Amino acid sequence: RFQPKPEDRFTFGLWTVGNPGRDPFGEPVRTPWSPVEIANVLAEVGAYGVNFHDNDLVPIDASFEEKRKIVSDFRRALEETGLKVPMATVDLFRNPVFKDGAFTSNDPEVRAYAIRKTIEAIELGVELGAEIFVLWGGREGTEVDASKDPVTALKRHREAINYLCDYVLDRGYRLKFALEAKPNEPRSDLYLPTTGAMLGYIDTLDHPEMVGVNPEVAHERMAGLNVYHAVAQALERGKLLHIDLNDQQIGRFDQDLRFGSADIKGAFFLVKLLEDYQYQGPRHFDAHAYRTEDLEGVKDFAKGCMRTYLILKEKVKRFNEDREIQDLLKKINAGREVAGFEFRYSPEAHRSLMDYEFSREKMAEKSMYYERLDQLTMEILLGVR
Ligand code: GLT
Ligand code: MN
Ligand code: MN
Ligand code: MN
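Owing to the predicted nature of the structure, the values given are computational and were not obtained by experimental measurement.

Caption draft 1: Layout of the overall build of the protein chain. For the protein chain, the count of helices and strands is 15 helices and 10 strands. Its C-alpha atoms give the protein chain a radius of gyration of 23 Å, within 12% of the compact-globule value 21 Å for 385 residues. Its C-alpha atoms put the protein chain at 75 × 50 × 40 Å along the principal axes. The buried share of the protein chain, reckoned over its 385 residues, is 48%. Counted over contacts in the protein chain with a minimum sequence separation of 6, partners at least 24 positions apart contribute 77%.

Caption draft 2: Main features of the coordination of the manganese ion (ligand 2). Coordination sphere of the manganese ion (ligand 2), protein contribution only: Glu 180 (OE), Glu 216 (OE), Asp 244 (OD) and Asp 286 (OD), at 2.0 to 2.1 Å. With six donor atoms in place around the manganese ion (ligand 2) and angles of 76 to 166° between them, the coordination shape is octahedral. The sequence pattern formed by the donor residues of the manganese ion (ligand 2) is E-x35-E-x27-D-x41-D.

Caption draft 3: Region of interest: the site of ligand 1. Neighbouring ligand 1 are Trp 15, His 53, Thr 89, Phe 93, Trp 136, Glu 180, Glu 216, His 219, Asp 244 and Asp 286. Take His 53: an N or O atom from its side chain is 2.7 Å from an oxygen atom of ligand 1. The contact in question runs from an oxygen atom of ligand 1 to an N or O atom on the side chain of Asp 286, over 2.8 Å. Of all the cavities here, the one that holds ligand 1 is the largest pocket.

Caption draft 4: Looking closely at the packing of helix α11 (residues 295-321) against helix α15 (residues 370-381). Where α11 meets α15, the closest approach of the two axes is 10 Å, and the angle between their N-to-C directions is 140°. In terms of axis orientation, α11 runs oblique to α15. Along this stretch, α11 crosses α15, giving a crossing that reads as right-handed. Each of Leu 312, Lys 315, Arg 318 and Phe 319 in α11 lies in contact with α15, whose residues at this interface are Thr 377, Ile 380 and Leu 381. Taken together, the residues of the contact of α11 with α15 sort by class into four nonpolar, one polar and two charged.

Caption draft 5: Here's a closer look at the coordination of the manganese ion (ligand 3). The protein atoms that coordinate the manganese ion (ligand 3) are Glu 216 (OE), Asp 254 (OD) and Asp 256 (OD), at distances spanning 2.1 to 2.4 Å. Coordination of the manganese ion (ligand 3) draws on donor residues from a single chain, spaced E-x37-D-x1-D in sequence.

Caption draft 6: Inspection of empty space enclosed by the protein at higher detail. By the definition in use, this model includes one cavity of 30 Å³ or more. Its volume calculated, the largest cavity comes out at about 150 Å³. Along the walls of the largest cavity sit 14 residues, with Trp 136, Gly 137, Glu 140, His 157 and Met 198 positioned nearest its centre. When the residues that make up the lining of the largest cavity are grouped by side-chain class, the tally is nine nonpolar, two polar and three charged.

Caption draft 7: Molecular detail of the packing of aromatic side chains. Within this structure, the stated rule accounts for 15 aromatic pairs. An angle of 75° between the planes, with centres 4.9 Å apart, marks the rings of Phe 341 and Phe 343 as edge-to-face. Classification of Phe 343 as exposed rests on a relative accessible area of 82%. Each residue in the set Phe 10, Phe 12, Phe 259, Phe 285, Phe 301 and Tyr 309 is aromatic and connected to the rest through ring pairs, giving one cluster.

Caption draft 8: Main features of the pattern of salt bridges. With the rule as written, the count across this model stands at 26 salt bridges. Across the pair Glu 127 and Arg 68 runs a salt bridge, and its minimum N-O distance is 2.4 Å. Separated by 59 residues along the polypeptide, Glu 127 in helix α5 (residues 108-127) and Arg 68 in helix α4 (residues 64-81) bring together distant segments of the chain. For Arg 68, a relative accessible area of 32% puts it in the partly exposed group.

Caption draft 9: Up close: the environment of Arg 1. Topologically, Arg 1 is positioned in the segment before β1 (10-13). Distance from Arg 1 to Lys 239, taken between C-alpha atoms, is 32 Å for residues 238 residues apart in sequence. Those residues in contact with Arg 1 that lie beyond four places of it in its chain are Arg 307 and Glu 314.

Caption draft 10: A look at the pairing of strand β4 (residues 132-136). Of all five residues in β4, five are buried; the element is thus mostly enclosed. Of the two faces of β4, the one holding Ile 132, Val 134 and Trp 136 and the one holding Phe 133 and Leu 135 are both buried throughout. Tracing the backbone out of strand β3 (residues 87-89), into α5 and back to the parallel element β4 gives a crossover that is right-handed.

Caption draft 11: The arrangement of helix α12 (residues 323-333) in detail. Inspection of α12 places Ile 325, Leu 328 and Ile 332 among the buried residues, and these make up the whole buried set. Looking down the long axis of α12, one finds its buried residues gathered within 65° of arc, a one-sided arrangement. Within α12, the exposed residues directed more than 90 degrees away from the buried face are Arg 323, Lys 330 and Asn 333. For α12, the secondary structure elements touched by its buried residues are α11 and α15. A side-chain oxygen of the first residue of α12 lies 3.1 Å from the backbone nitrogen of Glu 324; this N-cap is Asp 322.

Caption draft 12: Highlighting the environment of Ile 122. Inspection of the secondary structure assignment puts Ile 122 in helix α5. Between the C-alpha atom of Ile 122 and that of Pro 150, which follows or precedes it by 28 residues, the distance is 27 Å. With residues up to four places along the chain from it excluded, the contact list for Ile 122 reads Phe 133, Leu 164, Val 168, Tyr 173, Leu 175 and Phe 177.

Reading the values: rules and limits
Residues numbered from 1 in each chain as written. Chains lettered and ligands numbered in written order. Predicted model: local features only at pLDDT ≥ 70, side-chain atom pairs only at ≥ 80, totals over all residues. Heavy atoms only, no water. Helix = DSSP H or I, 4+ residues; strand = E, 2+ residues; numbered from the N terminus. Rg over C-alpha atoms; globule rule 2.2 N^0.38 Å. Buried < 20%, exposed > 50% of the residue type's maximum accessible area, 1.4 Å probe, protein only. Contact = heavy atoms within 4.5 Å. Donors = N, O, S within 2.8 Å, 3.2 Å for Na, K, Ca; no water. Tetrahedral: all angles 85-135°; square planar, octahedral: opposite > 155°, others 65-115°. Near = heavy atom within 4 Å. Polar contact = N/O pair within 3.5 Å; in protein donor to acceptor, adjacent residues only side chain to side chain. 1 Å grid on protein atoms, 1.4 Å probe; cavity = no way out; pocket = protein on both sides within 12 Å on 5 of 7 lines; lining within 4 Å. Sits in = over half its atoms within 2 Å of the grid points. Axes fitted to C-alpha atoms, helices over the stretch in contact; angles between N-to-C directions. Parallel < 35°, antiparallel > 145°, perpendicular 65-115°, else oblique. Left-handed = near helix turned anticlockwise from the far one by under 90°. Nonpolar A, V, L, I, M, F, W, Y, C, P; charged D, E, K, R; others polar. Points joined across faces, edges and corners; volume = space filled by probe spheres on them. Phe/Tyr/Trp six-rings, centres within 6.5 Å; stacked < 30°, edge-to-face > 60°. Salt bridge = Lys/Arg side-chain N within 4 Å of Asp/Glu carboxyl O. Right-handed = clockwise from strand over helix to strand, strands pointing away. Arc of directions from axis to C-beta.

Dropping the structure here:
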């Protein structure tokens, strides 16, 4: 029970389980594992796949020979463990060259280098089977708004994404881009700070059909938003290509907590959304173990993410099959039809609308039962139902 299976499509990044526990105030507490060691651990705990940034796998200063050796060792580990690589990404934030942005840098040479680095990361990802390429612009923002025109920054960002899409089309790769938003950290303010902003922006690209989003629970919550609603908007437009599951308390620094460990009700509704709408993409856990943990603790962390998801998936089933809840939902959704009216304009429908006699008092009288519904939801989550 609650054992992860390949069809659950649970994935982790090399940077998540491989996180050595460094924070802005403290040195690493765990010795880093090699990508091959991480893959073996992920296979052991039952993950389906592993994702990486170019430089999680191949150090930024590796020679051509070093790179080939690392990639072939990693490929062998994938074959031996059966792990897949559904997603790859590019690190455009760690190196000093990107200190004032990558695609949105004021320096055209840096912008060109960012595109070149991304293309090399795409090649690496495609070589290992990735069909989704995440772009998270950790340095695309400012502390000093006088330094950069945000309109210009958006135009530069768009030029870069358009370039990358054209490149992928030119090469004939089966690859889509998933844009990941974050409101702040490491910059004071990041451009395109929310999933909703990304969704609006995607329609302005040359190839919007190749681009979707990668919402992260923690990032939406850092912005004070409801993740469930943000993800629903992406899903409804067919734009939910990938998801970063983790947890976060509102108003705190970027915590990347184990999935479900901070807001269990929020996690429940997110799982419900993904399951009810049969989300087919990877369920990626973008989180890391507490800094107090050793290697065993890291395994506990990874297993915990998947186990909580599967427990919540069972709770969703319970919720959907619960007689009392479903009866309540039926009542909640019931109401009188307005004769002859449709929620689509036509002169006839409109005439019916204008002729109808509405009774505000009658409509407002209706009981909602939301207290009862919410309590029943809580009782499912608390395990007494
Ligand atoms: C970094 C960030 C994550 C992003 C990763 C992809 S890198 O760890 O905090 O949210 O998903 O670039
Ligand atoms: Mn993320
Ligand atoms: Mn995060
Ligand atoms: Mn993050």
